[in-house]
Amino acid sequence: MAIEHFLTQAPIIAMQTGWPSLWLADPGTGKTQSFYSVARFFHADAIEAGRIPADTPLHHYAPDLVLSHYDPSDIGGIPWMAKDENGNTIQHRALPDYAKILAELGEGFVFCDEMLTATPSTQGAALKLINERKVGDIQLPDGVKIVAAANNTNVAGNFDLTAAASNRFWHYNFNIDFESWSSGFMGGFPDPEVKLLPEDWKTYVPELRALLVGFLRSKPDVLHVMPEEDSEQGHAWPSRRTWDMAADLLAAAKAYGAGEDVKAELLIGAVGEGAGYEALTYIQNIDLQDPEEILAEPAENLKLPDRGDQKFAILGSMTAAVERNLTDERWTKAWDILGEAVNQDATDVAVVQARTLVEVFFKAKADGRTLPPPHDQLNNFTEILQAAGLYGKKGQ
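In this report, we go over the structure that sits alongside the text. Here the structure is a predicted model, which is why all the values come from computation and not from measurement. (Residues numbered from 1 in each chain as written. Predicted model: local features only at pLDDT ≥ 70, side-chain atom pairs only at ≥ 80, totals over all residues. Heavy atoms only, no water.)

**A closer look at helix H15 (residues 308-324)**
Next up, step 1: The first and last C-alpha atoms of H15 sit 24 Å apart over 17 residues, in line with the 24 Å expected at 1.5 Å per residue.
Next up, step 2: Burial analysis of H15 places 14 of its 17 residues in the buried class, which makes it a mostly covered element. (Helix = DSSP H or I, 4+ residues; strand = E, 2+ residues; numbered from the N terminus. Expected span 1.5 Å × (residues − 1). Buried < 20%, exposed > 50% of the residue type's maximum accessible area, 1.4 Å probe, protein only.)

Encoded structure:
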């Protein structure tokens, strides 16, 4: 049975980006077992690749914190007081084993189950772990993925998440249709077919950020829309944080080769239905020039439209393409394109992308690489280049 039969690709992609996920469904639908079917794959892959010892048990790699059974100290450690060498009383924490084990392994999962049936104080301790990825003085490694699960917000006995808390999660509405369930019920539920994200998936992030900024320039009212109704505060909603999340998720989806339905699910799980569908429609319908075509012949091929959001998306996609495949020639042509953008009355957008190219310069320099200065475009961007120390000095 393929993964789409009972889990979509979306949660598999989301958990690999490092953003915490919240799986929501009615009780008894199989959230926990489905999570562990995915965790088993990553556990086996880590052992096979030699990243963790072969005798590492699954419950060490993916501890299940059933929050409704936990006190706050069970999650963040039990405080105790002691005297230091100067006789001062200081607080220590007896840290839970799961944090020590994951820190030693360097990867794995923290599965926060029954998220909404936990008391608010326990939720608070869990959210500290989720937000800061820290337990006491133990910083969880980047390889540790965080997934929470909860019954739907309308189920009796739940403590609702605040808008601030829900805004830190990617939201997944877990659902298994009858046909998929009945097939598994009769023949057994196999583990899903999980595909790992390519290692270079983050190289697509600048391109997706450019597209989303283009959209937000056309619809600035959806940049930050905090829910007003209490019933909506536990769901996904658009904020500066979740647009950042959305860019990562869409970049990962592109690297993964995911379809439009998966991209929609990822986007809606980050920023909510209204803003998510609007952004996806914008991205699907925007008529962008191929950045590689523009890079081939900047003066001849760059034809900027009148709309500012489209200008931003075109130039942003171009600088993202250069960053993804950086050569001296492409770097120089990128500046030529920005110079041509100035000639086409797009100075404001060109200046933003010039700053992006300056950041590319410093990233390359940190890697021991020196890119040639953009001599032909100095007049257009002198102030930016001087401020970055790439050309002359301010005031000269």
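**What about the nonpolar core?**
Next up, step 1: If you look at the biggest cluster of nonpolar residues, it comprises 61 residues, and the most contacted ones within it are Ile13, Trp23, Phe35, Phe109, Trp170, Trp243 and Leu266.
Next up, step 2: Apart from residues no more than four positions distant in its own chain, Trp243 is found in contact with Leu212, Phe215, Leu216, Val222, Leu223, Pro238, Leu267, Val271, Ala275 and Ala279. (Core = buried A, V, L, I, M, F, W, Y, C linked by side-chain atoms within 4.5 Å. Contact = heavy atoms within 4.5 Å.)

**Comments concerning the environment of Tyr204**
Next up, step 1: In this fold, Tyr204 is placed in the loop between helix H8 (178-187) and helix H9 (205-218).
Next up, step 2: Counting along the chain gives 117 residues from Tyr204 to Ala321, while the straight-line C-alpha distance between them is 8.4 Å.

**Some words on unusual backbone geometry**
Next up, step 1: The phi angle at Arg133 is positive, at roughly 55°, despite the residue not being glycine.
Next up, step 2: One can find Arg133 in the loop between helix H6 (120-132) and strand E6 (134-135).
Next up, step 3: Here Arg133 falls in the buried class, since its relative accessible area comes to 14%.
Next up, step 4: Positive phi is not limited to glycine here, since Asp345 has a value of about 60°.
Next up, step 5: Within the element layout of this structure, Asp345 appears in the loop between helix H16 (328-343) and helix H17 (347-366).
Next up, step 6: Relative accessible area serves as the criterion here: at 66%, Asp345 is assigned to the exposed category.

**Describing a negative patch on the surface**
Next up, step 1: Residues Asp160, Glu228, Glu229, Asp230 and Glu232 make up a contiguous surface patch of negative charge.
Next up, step 2: In this structure, Asp230 sits in the loop between H9 and helix H10 (240-256). (Patch = residues over 30% accessible without salt bridge, like charges linked within 9 Å, V, L, I, M, F, W, Y side chains within 5 Å. Areas by Shrake-Rupley, 256 points an atom, 1.4 Å probe, with all protein chains shown as cover. Salt bridge = Lys/Arg side-chain N within 4 Å of Asp/Glu carboxyl O. Lys, Arg positive; Asp, Glu negative; His and termini not counted. Charge placed at Lys NZ, Arg CZ, Asp CG, Glu CD.)

**Here we look at the environment of Val349**
Next up, step 1: As for its placement among the helices and strands, Val349 is situated in helix H17.
Next up, step 2: Every residue in contact with Val349, bar those within four places of it in the chain, is listed here: Arg217, Gly308, Lys311, Phe312 and Leu315.

**With respect to the sheet that holds strand E2 (residues 64-66)**
Next up, step 1: In spatial order, the strands read E2-E5-E8-E1-E9; together these five strands make up an open sheet with parallel pairing. The outermost strands of the open sheet, each flanked by one partner alone, are E2 and strand E9 (170-173). When strand polarity is set aside, the average angle formed by the axes of neighbouring strands in this sheet is 20°.
Next up, step 2: Bridging between strand E1 (residues 21-25) and E9 involves four bridges; their strand directions are parallel. If you follow Leu24 over to E9, its bridge partner there is Asn173.
Next up, step 3: In this fold helix H2 (residues 31-48) packs onto E1, E2, strand E5 (107-113) and strand E8 (143-151), with an angle of close to 170° to the strand it touches most, E5. (Pairing = 2+ DSSP bridges. Axes fitted to C-alpha atoms, helices over the stretch in contact; angles between N-to-C directions.)

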